[in-house]
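Each chain, written out:
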Amino acid sequence: MINREELVSEHADYLLSFAFSKLRDEDLAKDLVQDTFLAALKNYHEFEQRSSLRTWLTSILNRKIIDHWRKAETKYTTNISNLSKNSDSPDLSEYIGVTDENAETVIEKAELIQQLNDCIDKLPEKWKAVIALRYLEEKKSEEVCKELSLSASNLWVIVHRAKILLKDCLTSGKS
Amino acid sequence: MNCRRIIKKIEKRSFGNISSSDNFAIRFHLSYCKNCRDYERTSLLLDKMLKKSISQGNTLVYSAEEKQALVDHLQSNI
């Protein structure tokens, strides 16, 4: 039988960071990590030890994250829709002062990264999921569609709309 | 080809899966369409920014109290 204290002390922080990096929601990440431990304890007899315990736990957690995303809302909220009407918003490069020469330095500024993270947090859950799978896990479009149960054309619409909203959010200073 | 279809192809290209004929169609369209050129520039910049931002600040740890509460919860539920 698996020792609960060892389980938590050895894997909880890793799993929490794993979940948080994808979900960007601390409370939700903690809920899913707790659910993962409960599922692991309940089904420990199914763990075949062909992989490490951490790999097995991570796969359970990953499945729970995907289940959450699949159920998540696709439409954007009133809060974010207010930002989407601004077709005359300034050019992003000019607004943040990016040129061909300084791009790498400018986009690494902590303040800008924080502002972008705040804007990402306003996106609908499923749109955030697309961003996590695309930019964090570098998944191909077919894999993103499969994991989130999206059609290819829905995926492109989400990516396009997300970028328009992020641009509007960044250039309106409403992060 | 209209702007909507070109924008879709620009986003497809950012995922890395695009044919050479689509690539040509993008380049041809961008040669005369300023709106799509502006969109492409913003899209490429956001790709870089998203990659940076999404990979930072993701480390989160439980406090000792939270870990104990988690252990207690696991003890009482299984």
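Treat the numbers as computed from the prediction; the structure is a model and nothing was measured.

Explanation requested: the overall build of chain A in the structure shown.
In terms of helices and strands, chain A carries 10 helices and zero strands. The burial tally for chain A puts 51% of its 175 residues in the buried class. Long-range pairs, those at least 24 residues apart, make up 71% of the contacts in chain A between residues at least 6 apart in sequence. Working note: accessible area of chain A is about 8900 Å², and carbon and sulfur atoms make up 45% of it.

Would you take a moment to explain the state of the cysteines for this structure?
As used in these notes, a disulfide is a covalent bond between sulfur atoms, one from each of two cysteines. Residues and elements named next belong to chain A. What the rule picks out here adds up to one disulfide over all chains. One disulfide in the model links C119 with C169; its S-S distance is 2.1 Å. Taking the torsion about the sulfur-sulfur bond, which here is approximately -85°, the covalent link between C119 and C169 counts as left-handed. Remark: C169 occurs in helix α10 (residues 152-172) and C119 occurs in helix α7 (residues 110-121); sequence separation between them is 50 residues. Side by side, C119 and C169 carry an identical accessibility label, which is buried.

I would appreciate a short explanation of the interface of chain B and chain A in the present structure.
Across the contact, 38 residues belong to chain B and 51 residues belong to chain A. Regarding the contact of chain B and chain A, the summed buried area is about 4500 Å², with carbon and sulfur atoms giving 69% of it. Among the residues of chain B in contact with chain A, F15, I54 and L60 of chain B are the three that bury the most area, contributing 17% of the side total. Viewed at the interface, chain A and chain B are joined by six salt bridges. Note that E11 of chain B and K163 of chain A form a salt bridge whose closest N and O atoms lie 2.7 Å from each other. Among the elements of the structure, α1 (3-14), α3 (34-54) and α4 (64-77) of chain B are those that each provide at least two residues to the side of chain B that touches chain A. Examining the composition of the side of chain B that touches chain A, we find that 14 residues originate from one element, α3 of chain B, more than from any other. Taken together, the residues that form the side of chain B that touches chain A break down as 15 nonpolar, 13 polar and 10 charged.

Can you help me understand the packing of helix α8 (residues 125-136) of chain A against helix α9 (residues 141-148) of chain A in this one?
All names here are of chain A. As a packed pair, α8 and α9 sit with axes 10 Å apart at the nearest point and diverge in direction by 145°. Both α8 and α9 take part in a crossing whose hand is right-handed. Judged by residue contacts, K126, A129, V130 and L133 of α8 engage V144, E147 and L148 from α9. Looking at side-chain class alone, the contact of α8 with α9 contains five nonpolar, no polar and two charged residues.

I'm lost on unusual backbone geometry in this one. Help?
The bulk of non-glycine residues show a negative phi, and the bulk of peptide bonds are trans. All names here are of chain A. The backbone phi angle of R24 is positive, close to 60°, even though this residue is not glycine. Its place among the elements puts R24 in the loop between α1 (4-23) and α2 (26-42). The backbone of S149 sits at a positive phi, close to 55°, despite the residue not being glycine. Mapped onto the secondary structure, S149 falls in the loop between α9 and α10.

Just to check I follow, could you spell out the environment of L46 of chain B for this structure?
Residue placement: L46 of chain B occurs in helix α3. Overall, the relative accessible area of 0% leaves L46 of chain B in the buried class. For L46 of chain B and I7 of chain B, which are 39 residues apart along the polypeptide, the C-alpha to C-alpha distance reads 14 Å. If we ignore the near neighbours within four places in the chain, the residues touching L46 of chain B are L92, K163, L166, K167 and L170 of chain A.

Could you clarify how one ought to interpret the domain arrangement of chain A in this entry?
All names here are of chain A. Split into domains, chain A comes out as domain 1 (4-71) and domain 2 (78-172). One C-alpha centre belongs to domain 1, the other to domain 2; they are set 27 Å apart. Taken together, the contact pairs eight residues of domain 1 with 15 residues of domain 2. Summed over both partners, the interface of domain 1 with domain 2 buries about 1100 Å², with 47% contributed by carbon and sulfur atoms.

Rules of the game
Residues numbered from 1 in each chain as written. Chains lettered and ligands numbered in written order. Predicted model: local features only at pLDDT ≥ 70, side-chain atom pairs only at ≥ 80, totals over all residues. Heavy atoms only, no water. Helix = DSSP H or I, 4+ residues; strand = E, 2+ residues; numbered from the N terminus. Buried < 20%, exposed > 50% of the residue type's maximum accessible area, 1.4 Å probe, protein only. Contact = heavy atoms within 4.5 Å. Areas by Shrake-Rupley, 256 points an atom, 1.4 Å probe, with all protein chains shown as cover. Disulfide = S-S within 2.5 Å. Buried area = accessible area lost by both parts, 1.4 Å probe. Salt bridge = Lys/Arg side-chain N within 4 Å of Asp/Glu carboxyl O. Nonpolar A, V, L, I, M, F, W, Y, C, P; charged D, E, K, R; others polar. Axes fitted to C-alpha atoms, helices over the stretch in contact; angles between N-to-C directions. Left-handed = near helix turned anticlockwise from the far one by under 90°. Domains from an automatic or database assignment.

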